[in-house]
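# Report on the structure
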Amino acid sequence: PHRDVQHIKAIPVAALKLVADYETNEALANNEYLDKVLEITGEIIEISKNQKGETVISLDGTGMGTVRCTMEGTVQQEVKTKTQATVRGICTGYLTDVIVVRGINQRK
């Protein structure tokens, strides 16, 4: 079912902690984060487009892994690399990077 990411209570977590938790114990991290709405704060290290043309924002993690968040809709112009950002989205798992979908940019 389609969940409204904007209005569901999110779990706040730093990008570094999220990636580190998955690297330390994936099963435990899945129990804590998988299929839940997260509000992730970190430094943007890359902004790209996927095959569908959707914007993907990568937040710095541990140096080994990042948080890759596929954004929903248009992304505001103030989103730039080397800046702090908070994104909200649904965690779908871990494949070297933590994968988040249906992301929206949170203005602070």
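Before reading on, note that the structure itself is shown above.
As the structure is a computational prediction, the values presented were derived from the model and not from experiment.

With that settled, the discussion passes to the pattern of salt bridges. Close approach of charged atoms allows side chains with opposite charge to pair. Applying the stated criterion across every chain yields a total of 4 salt bridges. Across the pair Glu-39 and Arg-88 runs a salt bridge whose closest N-O atoms are separated by 3.1 Å. Taken together, the positions of Glu-39 in strand E2 (residues 37–49) and Arg-88 in strand E5 (residues 84–95) put the pair 49 residues apart, joining distant regions of the chain. You'll find Glu-39 and Arg-88 in the same group, each marked buried.

This paragraph deals with the pairing of strand E4 (residues 67–71). Judged by how many residues are buried, E4 sits mostly within the fold: 4 of 5 residues are covered. Sheet topology places strand E3 (residues 55–59) next to E4; 4 bridges connect them, and they run antiparallel. The residue bridging Leu-59 from the neighbouring strand is Val-67, located in E4.

The rules behind the values
- Residues numbered from 1 in each chain as written.
- Predicted model: local features only at pLDDT ≥ 70, side-chain atom pairs only at ≥ 80, totals over all residues.
- Heavy atoms only, no water.
- Salt bridge = Lys/Arg side-chain N within 4 Å of Asp/Glu carboxyl O.
- Helix = DSSP H or I, 4+ residues; strand = E, 2+ residues; numbered from the N terminus.
- Buried < 20%, exposed > 50% of the residue type's maximum accessible area, 1.4 Å probe, protein only.
- Pairing = 2+ DSSP bridges.

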